[in-house]
Amino acid sequence: MLTLIIKLRNMKKLTFEIEINAPANKVWNAMWEEENYKKWTSAFCEGSTTKSNWKQGERIHFLDPNGNGMYSEITTLVPNEKMFFTHIGNLKNFIEQPLDDESKSWSGAIENYSLDEENGKTKISVVIDVLEKYIEYYNTTFGLGLAIIKEIAEN
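Residues numbered from 1 in each chain as written. Predicted model: local features only at pLDDT ≥ 70, side-chain atom pairs only at ≥ 80, totals over all residues. Heavy atoms only, no water.

Brief notes about the pattern of salt bridges
Piece 1. Per the stated rule, a full pass over the model turns up eight salt bridges.
Piece 2. Of the charged contacts, one joins K123 and E17 as a salt bridge, the two residues approaching to 3.7 Å between their closest N and O atoms. Placement of the pair is K123 in strand β8 (residues 121-131) and E17 in strand β1 (residues 11-20), with a sequence separation of 106 residues.
Piece 3. K123 sits in the partly exposed class, given a relative accessible area of 33%.
Piece 4. A salt bridge links K38 to E34, with the shortest nitrogen-to-oxygen separation between them at 3.6 Å. With K38 and E34 both in helix α3 (residues 34-41) and four residues apart, the pair spans about one turn of that helix. (Salt bridge = Lys/Arg side-chain N within 4 Å of Asp/Glu carboxyl O. Helix = DSSP H or I, 4+ residues; strand = E, 2+ residues; numbered from the N terminus. Buried < 20%, exposed > 50% of the residue type's maximum accessible area, 1.4 Å probe, protein only.)

As structure tokens, this is what we get:
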């Protein structure tokens, strides 16, 4: 556990929020239904997708169109409320790669999505651990992705 704490000191925690004029179940579908997921994550990588059985404690593969990306664990899954990921390592040609120095620098990072519905409106809160060199990228792209979720859920 001490190793994980030392590694994550190189990370910065970012938080993103958006309020959507739709109930949580509709927002959840806008985020995690396969075709919707592809739409909003295009803000990060055009053609991105996942491979998962969508069960808590199981692996998920976040993939670009060439089969590269990262693998993670779904650490918490409460439908219409929470989806938490812990990122582990890289994928190359759809295959999980052993941890190397680069992936060790971020392995254990979290990406947590929480939905809070009140009076028919839902607030999405996202908390992610990011290496300092990617902060500007995420500050630019995450808002775009959340705006796409909002558009899908409200229409």
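From this point, the discussion proceeds with the structure in view.
Focus: the environment of L146
Piece 1. As for its placement among the helices and strands, L146 is situated in helix α5 (residues 135-154).
Piece 2. Assessed through its relative accessible area of 3%, L146 is described here as buried.
Piece 3. Sequence separation of L146 and S125 is 21 residues, and the distance between their C-alpha atoms is 9.9 Å.
Piece 4. The residues touching L146, leaving out its near neighbours within four places in the chain, are F16, E17, I18, I124 and V126. (Contact = heavy atoms within 4.5 Å.)

Considerations on the packing of aromatic side chains
Piece 1. In this structure the tally under the stated criterion is 17 aromatic pairs.
Piece 2. Taking 5.1 Å as the distance between ring centres and 85° as the angle between the ring planes, the aromatic pair formed by F62 and F85 counts as edge-to-face. Of the two residues, F62 is situated in strand β3 (residues 59-63) and F85 in strand β5 (residues 82-92); the sequence distance between them amounts to 23 residues.
Piece 3. Owing to a relative accessible area of 12%, F62 belongs among the buried residues under this scheme.
Piece 4. For F85, a relative accessible area of 0% corresponds to the buried category.
Piece 5. Judged by centre distance (6.2 Å) and plane angle (80°), the ring pair of F85 and Y113 falls under edge-to-face. (Phe/Tyr/Trp six-rings, centres within 6.5 Å; stacked < 30°, edge-to-face > 60°.)

Focus: the environment of E136
Piece 1. Residue position: E136 is located in helix α5.
Piece 2. With 36 residues separating them in the primary sequence, E136 and D100 have C-alpha atoms 24 Å apart.

With respect to unusual backbone geometry
Piece 1. In this structure, N93 takes a positive phi of about 55° despite not being glycine.
Piece 2. Tracing the backbone shows N93 in the loop between β5 and β6 (95-96).
Piece 3. For N93, a relative accessible area of 47% gives the class partly exposed.
Piece 4. Positive phi, close to 70°, is recorded for F94, a residue that is not glycine.
Piece 5. Examined against the element boundaries, F94 turns out to sit in the loop between β5 and β6.

Here's the deal with the environment of N36
Piece 1. In this fold, N36 is placed in helix α3.
Piece 2. In this structure N36 comes out as buried when scored by relative accessible area, which is 9%.
Piece 3. Spatially, the C-alpha atom of N36 lies 9.6 Å from that of A153, the residues being 117 residues apart in sequence.
Piece 4. Residues within four places of N36 in sequence aside, it is in contact with N29, A30 and I152.
Piece 5. Looking at N36, its side chain comes within polar contact range of the main-chain oxygen of N29, at 3.1 Å. (Polar contact = N/O pair within 3.5 Å; in protein donor to acceptor, adjacent residues only side chain to side chain.)

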